[in-house]
Amino acid sequence: MLELIKIHKEFDKQPLLTGTSFSVEAGETVCLLGPSGSGKSTLLRIIAGLEQPESGQVLWNGAELISEPAHKRNFGLVFQDYVLFPHLSVEENVAFGLKMQKTSQEEIKMRVTNSLELVNMSGFARRRVADLSGGEQQRVALARALAPRPRLLMFDEPLGALDRSMHEQLLDELRRILQASAVPAIYVTHDQEEAIKIADRILLLHDGQIVQQGTPAEVYAQPASAWVANFLGLGKVIEGIWSGSGEVETVFGVLEVDCETGAVKGQVVRLLIRPEHVKLENNGRKLKARIKDVIFQKNGYQVTLNNGLYYFTNNLPKVGEEISFSIEAQCLG
C-alpha cells in the first residue's frame, strides 16, 4: 500500500528526518510515536503532499506520489484542532469535500448519512458545529475525512485537546471506527498509552529515524535500546560491566542477565530494571533501600526508592521506611 523510502527533510537548515523508511499495509493502523520535535507531523505533511522532502520516495502501490498534488492523493487528514467551518452545519461540514469533488447530490446525501452513522453522530446533522462539545466536533472531523472514502487516513495528535474522560472514550470509539472502515491509517502521538491502545504496529521515531517497530506487545516486551525503554517509561535503566559469562557487575551487585548484544568481556552494557523486577524480601538477606515517595494509581501504589528503583503494590507503605528486596534485570540492545 503506502511505502516511504529514505525520506530526508531539513528544518532551518538542520536535519529533521534522516533516511526515514516505513510502510503501511492494507487495513493496518500504524502509530508514529515519538517526542515533540521528532518529525512526526512533518512526515504526515510529506505523505499528504503539503510538504516536499529534500530526497526520498513516497509510493502508493508502487507508484511515485512526490509529484502528485495533495488534492489528488485522496488521503484524509484529521487534526487536533478539528479545522471545521463554524458557519456551516454538521452535515454541510461533512459534505464539503464531496462538493469540491463535484459528487452528485444523491451520493453526497448517502455518504454523509453513512459517515455520521459510523461515528455515532446521526442525530446531529442539522446542528451547528459551534454548539458541539470538543469530542463531538472531533467526530464530525472524522466523518468529514471518511466521507470521500480515502485510500489512507492520517491523524495528527487528534485527541490532544480533549479532557481525560473524553480522550479515553473517543480513543475506544476511534479504534472501533478504524476496524469497521478497514481504511489503513497513520496515527501520530507522543502519548505512549494512546499508541499502545490504538496501534496494530508502533514505529518509534527518534533523531529523524525509526529506531524500533513492532506490535505494542513486542515493543513493550523487548525495547531495542535504553532510549526506547526510557521513553516508554518501562523502568530504571542502569549501566554495568559485562563479564562475558552471563553476569553483569552493577551498583546493585553482580546480576545474572541473558545478554545477546554481542558484547565482549569488560564492555559497558545497559540493563532495564522494570517495576516487576523488584522483589520484596522479608528475611533481609538482599539489598536495602528507603522509600522515597508513594503515589496512588488506579490499581495500587507506585513506590519509589531512594536509589531510583520503583515497584507497585496494593499495600500502602510509609515514606522513609526501610525495605529489603532483590532484583532482576533485562539486557537492552
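Quantities reported herein were computed from a predicted structural model and do not represent experimental measurements. (Residues numbered from 1 in each chain as written. Predicted model: local features only at pLDDT ≥ 70, side-chain atom pairs only at ≥ 80, totals over all residues. Heavy atoms only, no water.)

Caption draft 1: Here's a closer look at the pattern of salt bridges. Enumeration according to the criterion identifies twelve salt bridges in this entry. Among the ionic pairs, Glu51 bridges to Lys9, the shortest N-O distance being 3.7 Å. Of this pair, Glu51 sits in the loop between helix 1 (40–48) and strand 4 (55–60) while Lys9 sits in strand 1 (residues 2–11); the two residues are 42 residues apart in sequence, bridging distant segments of the chain. Between Glu107 and Arg111 there is a salt bridge whose closest N-O contact spans 2.9 Å. Here Glu107 and its partner Arg111 are both found in helix 3 (residues 105–118), four residues apart, which amounts to about one turn of the helix. Take Glu107: its relative accessible area is 23%, and that puts it in the partly exposed class. One salt-bridge network, in which partners are shared between bridges, spans Lys9, Arg45 and Glu51. (Salt bridge = Lys/Arg side-chain N within 4 Å of Asp/Glu carboxyl O. Helix = DSSP H or I, 4+ residues; strand = E, 2+ residues; numbered from the N terminus. Buried < 20%, exposed > 50% of the residue type's maximum accessible area, 1.4 Å probe, protein only.)

Caption draft 2: Fine view of the environment of Ala147. Along the chain, Ala147 turns up in the loop between helix 4 (134–146) and strand 7 (152–156). A relative accessible area of 2% places Ala147 in the buried class. Separated by 51 residues in sequence, Ala147 and Phe96 have C-alpha atoms that sit 9.4 Å apart. Apart from the residues within four sequence positions on either side, Ala147 is in contact with Val94, Leu98, Arg111 and Ser115. (Contact = heavy atoms within 4.5 Å.)

Caption draft 3: Looking closely at helix 5 (residues 164–181). For helix 5, which comprises 18 residues, the first-to-last C-alpha distance of 25 Å matches the rise-based estimate of 26 Å (1.5 Å per residue) to within 8%. In this structure, the buried residues of helix 5 make contact with strand 3 (29–33), helix 3, helix 4, strand 7, strand 8 (185–189) and helix 6 (192–198). At the exit of helix 5 stands Ala182, carrying a positive phi of roughly 60°. (Expected span 1.5 Å × (residues − 1).)

Caption draft 4: Spotlight on the sheet that holds strand 19 (residues 322–327). In space, the five strands of this open sheet follow the order 15-19-16-17-18, with antiparallel pairing throughout. Whereas interior strands pair on both sides, the edge strands pair on one side only; in this sheet they are strand 15 (278–280) and strand 18 (310–313). Going across the sheet, the axis of each strand differs from the next one's by a mean of 50°, ignoring polarity. In the sheet, strand 16 (residues 287–297) pairs with strand 19 via four bridges, with the strands oriented antiparallel. Counted as the bridge partner of Ala289 is Ile323 from strand 19. (Pairing = 2+ DSSP bridges. Axes fitted to C-alpha atoms, helices over the stretch in contact; angles between N-to-C directions.)

Caption draft 5: Quick peek at helix 4. The first and last C-alpha atoms of helix 4 sit 18 Å apart over 13 residues, in line with the 18 Å expected at 1.5 Å per residue. Along helix 4, twelve of the 13 residues are buried, which leaves the element largely enclosed by surrounding structure. All of the buried residues in helix 4 are Gly135, Glu136, Gln137, Gln138, Arg139, Val140, Ala141, Leu142, Ala143, Arg144, Ala145 and Leu146. Where helix 4 is buried, its residues contact strand 6 (75–78), helix 2 (90–100), helix 3, strand 7 and helix 5.

Caption draft 6: Quick peek at the environment of Ile47. By the secondary structure assignment, Ile47 is in helix 1. Among the residues examined, Ile47 registers a relative accessible area of 0% and is labelled buried. Distance from Ile47 to Glu3, taken between C-alpha atoms, is 9.6 Å for residues 44 residues apart in sequence. Residue contacts for Ile47: discarding those within four places in its chain leaves Leu2, Leu4, Phe22, Arg73, Phe75, Leu152, Met154 and Ile186.

Caption draft 7: Fine view of the sheet that holds strand 13 (residues 253–256). The five strands lie next to each other as 13-12-11-14-20, forming an open sheet whose pairing is antiparallel. Among the strands making up the open sheet, the edge pair consists of strand 13 and strand 20 (330–331). Both strand 11 (residues 236–242) and strand 14 (residues 268–273) contribute to a ladder of six bridges, which runs antiparallel. Within strand 14, the residue paired with Ile241 across the bridge is Val268.

Caption draft 8: Structural detail: the packing of helix 4 against helix 5. Look at helix 4 against helix 5: their axes get within 11 Å of each other, and the N-to-C directions meet at 15°. With respect to helix 5, the axis of helix 4 lies roughly parallel. Note on packing geometry: the crossing formed by helix 4 with helix 5 is right-handed. On helix 5, the residues touching Gly135, Gln138, Arg139, Leu142 and Leu146 of helix 4 are Met166, Gln169, Leu170, Glu173, Leu174, Ile177 and Ser181. Residues belonging to the contact of helix 4 with helix 5 are distributed by class as follows: six nonpolar, four polar and two charged. (Parallel < 35°, antiparallel > 145°, perpendicular 65-115°, else oblique. Left-handed = near helix turned anticlockwise from the far one by under 90°. Nonpolar A, V, L, I, M, F, W, Y, C, P; charged D, E, K, R; others polar.)

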